[in-house]
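Analysis of the macromolecular model
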Amino acid sequence: RVHGEISLSFVMAAAMDRTTGGLSFPTESEVPPLCLTEPCCMGIDEAGRGPALGPMVYGTCYCPVSQKTAVKAIGFDDSKVLSEEARDAFFDQIKDSVSSTGVSIGWIVRALSPEEISGKMLRVPKYNLNDISHDAAIELIQRVIAKGVNITEVFVDTVGDPKKYEEKLSKLFPGVAVAVRKKADSLYPVVSAASICAKVTRDFIVTNWVFRESHLNGREHKFGSGYPSDPATKSWLANNVDHVFGFPSFVRFSWAPARKLLEEHAAPVLYPYADDDDDGADAAEPDAADL
């Protein structure tokens, strides 16, 4: 699919994500003038948290508080209950909101590559998916505020305990009314709009994925939904394990099903290292057999 004015920027950003070691990128709108002069609210949601394939994308939409009723009237809904055609049509409205709907909506998406997600989850000390998600949302709030938008209300679809998450955001952004809720994408239209931005972006990236492993390009890849329970995804993963190099960069190798396949079909890796409390003097040196 091609989404009008931003299609080229998505293609360039997607290409960048494949060729620079998992670099993630933001894509965003210009700030609507009214959002620089009036108090604004913003919604945050993600797409692609569960799949073993492709990026997780965080999206935000923001608008003047005075236009919340007008945003609701547009009819945004949770992206998961909308058809692909409906999501695309709504995204076109969001991109051109002032002229198409008369509502001032700004937006930003932040895509986290599979390599970024897995690298963080497997690092020492561990950086779990909830913390990664929280930090992505925090980054979006910071980016919007840095643009000069007077954010007074933030609505977020929860990750983990909503009360603790809400307290965390409230401490970081004093003076901003924060509401973290389950199913926020069904409760708050501005979060529904954010979920649409995130979902359309992820679908675009996955559909137009260019493998860094060039021998995989030009083939038909039937990887299904990307969820580990999907038979098509299971089959694709099982057929794309390299004995030495493991999985292509499209795969979140930190996911349990992917790790299991690596243990079963890839060469074992021995990596001696010193504990944090050790000066390294007694760390075992790898020998030829280890390498």
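Since we're looking at a predicted model, the values are computed, not measured.

What counts, and at which threshold
- Residues numbered from 1 in each chain as written.
- Predicted model: local features only at pLDDT ≥ 70, side-chain atom pairs only at ≥ 80, totals over all residues.
- Heavy atoms only, no water.
- Helix = DSSP H or I, 4+ residues; strand = E, 2+ residues; numbered from the N terminus.
- Buried < 20%, exposed > 50% of the residue type's maximum accessible area, 1.4 Å probe, protein only.
- Areas by Shrake-Rupley, 256 points an atom, 1.4 Å probe, with all protein chains shown as cover.
- pLDDT = per-residue confidence, 0-100.
- Contact = heavy atoms within 4.5 Å.
- Core = buried A, V, L, I, M, F, W, Y, C linked by side-chain atoms within 4.5 Å.
- Arc of directions from axis to C-beta.
- Polar contact = N/O pair within 3.5 Å; in protein donor to acceptor, adjacent residues only side chain to side chain.
- Axes fitted to C-alpha atoms, helices over the stretch in contact; angles between N-to-C directions.
- Left-handed = near helix turned anticlockwise from the far one by under 90°.
- Nonpolar A, V, L, I, M, F, W, Y, C, P; charged D, E, K, R; others polar.
- Phe/Tyr/Trp six-rings, centres within 6.5 Å; stacked < 30°, edge-to-face > 60°.
- Lys NZ or Arg CZ within 6 Å of the ring centre and 35° of its normal.
- Disulfide = S-S within 2.5 Å.
- Salt bridge = Lys/Arg side-chain N within 4 Å of Asp/Glu carboxyl O.
- Pairing = 2+ DSSP bridges.
- Right-handed = clockwise from strand over helix to strand, strands pointing away.

**Some remarks on the overall build of the protein chain**
Scanning the protein chain from terminus to terminus reveals 11 helices and six strands. Scored against the burial criterion, the 291 residues of the protein chain give a buried share of 48%. For the protein chain, the accessible area works out to roughly 14500 Å², and carbon and sulfur atoms hold 54% of it.

**Observations concerning the confidence of the model for the protein chain**
Within the protein chain, residue pLDDT values average 86, and 85% of them lie at 70 or more. Considering only residues more than four positions removed or in separate chains, one finds that residues 1-25, a stretch of pLDDT under 50, has 60 contacts. Across residues 280-291, confidence stays below pLDDT 50; counting only partners more than four residues off in sequence or on other chains, it has eight contacts.

**Section: unusual backbone geometry**
For residues other than glycine, phi is negative in most cases, and the peptide bonds are mostly trans. Between V124 and P125 the backbone carries a cis peptide bond, its omega angle lying at 0°. Along the chain, P125 turns up in the loop between α5 (114-121) and α6 (129-146). Its identity is not glycine, yet K183 carries a phi of approximately 60°, on the positive side. Its location among the elements puts K183 in the loop between β6 (177-181) and α8 (184-187).

**Some points on the nonpolar core**
Ranked by internal contacts, the top residues of the largest apolar core, which has 44 residues, are C61, F76, I94, I105, I196, W236 and F250. Taken together, the elements giving at least two residues each to this core come down to β2 (40-47), β3 (56-64), α2 (68-74), α3 (84-95), β4 (106-112), α9 (189-207), α10 (231-238) and α11 (256-265). With nine residues, α9 is the single largest residue contributor to this core. Apart from the residues lying within four places of it in its own chain, the contact partners of W236 are L53, F211, H221, K222, F223, P248, F250 and V251.

**Quick look at α10**
For α10, the full list of buried residues reads T233, W236 and L237. Viewed along the axis of α10, the buried residues span an arc of 100°, placing them on a single side of the element. Structurally, α10 contributes buried residues whose contacts are with α11. Capping the start of α10 is the job of one residue whose side-chain oxygen sits 2.9 Å from the backbone nitrogen of A232: D230.

**Describing the packing of α6 against helix α7 (residues 162-172)**
For the pair α6 and α7, interaxial distance at closest approach is 12 Å and the crossing angle is 35°. Crossing handedness for the pair α6 and α7: right-handed. Mapping the contact onto sequence places D131, S133, H134, A137, I138 and I141 in α6 and Y165, K168, L169 and L172 in α7. Residue composition of the contact of α6 with α7, by class: six nonpolar, two polar and two charged.

**Regarding the packing of aromatic side chains**
One pass over the structure, following the stated rule, counts nine aromatic pairs. With a centroid separation of 4.4 Å and an interplanar angle of 25°, the aromatic rings of F155 and Y188 are classed as stacked. Of this pair, F155 sits in strand β5 (residues 151-157) while Y188 sits in the loop between α8 and α9, placing them 33 residues apart in sequence. The pair F155 / Y188 is uniform in exposure class, with both members buried. Here the aromatic residues W209, F211, F223, W236 and F250 are joined through ring pairs into a cluster of three or more. The ring of W255 has R252 sitting right over it, with the charged end atom 5.0 Å from the ring centre.

**Some details on the state of the cysteines**
Under the definition given, this model contains zero disulfides. Note on C63: no disulfide assigned, nearest cysteine sulfur contributed by C41 at a separation of 3.7 Å.

**Focus: the pattern of salt bridges**
Taken as a whole and assessed by the stated rule, the structure comprises 14 salt bridges. When the shortest N-O distance is used, the salt bridge between R143 and E28 registers 2.5 Å. Residue R143 is found in helix α6, and its partner E28 is found in strand β1 (residues 25-28); the two are separated by 115 residues along the sequence. E166 serves as the salt-bridge partner of R181, at 2.8 Å between the closest nitrogen and oxygen. On the criterion of sequence distance, the pair formed by R181 in strand β6 and E166 in helix α7 is long-range, its members being 15 residues apart. Assessed through its relative accessible area of 34%, R181 is described here as partly exposed. One salt-bridge network, in which partners are shared between bridges, spans R110, E116, K120 and E139.

**Topic: the pairing of β6**
Judged from the five bridges that link them, β5 and β6 form a sheet pairing that is parallel. Bridge pairing links E153 to A177 in β6. Once the chain exits β5 it traverses α7 before rejoining the sheet at β6, and the crossover so formed is right-handed.

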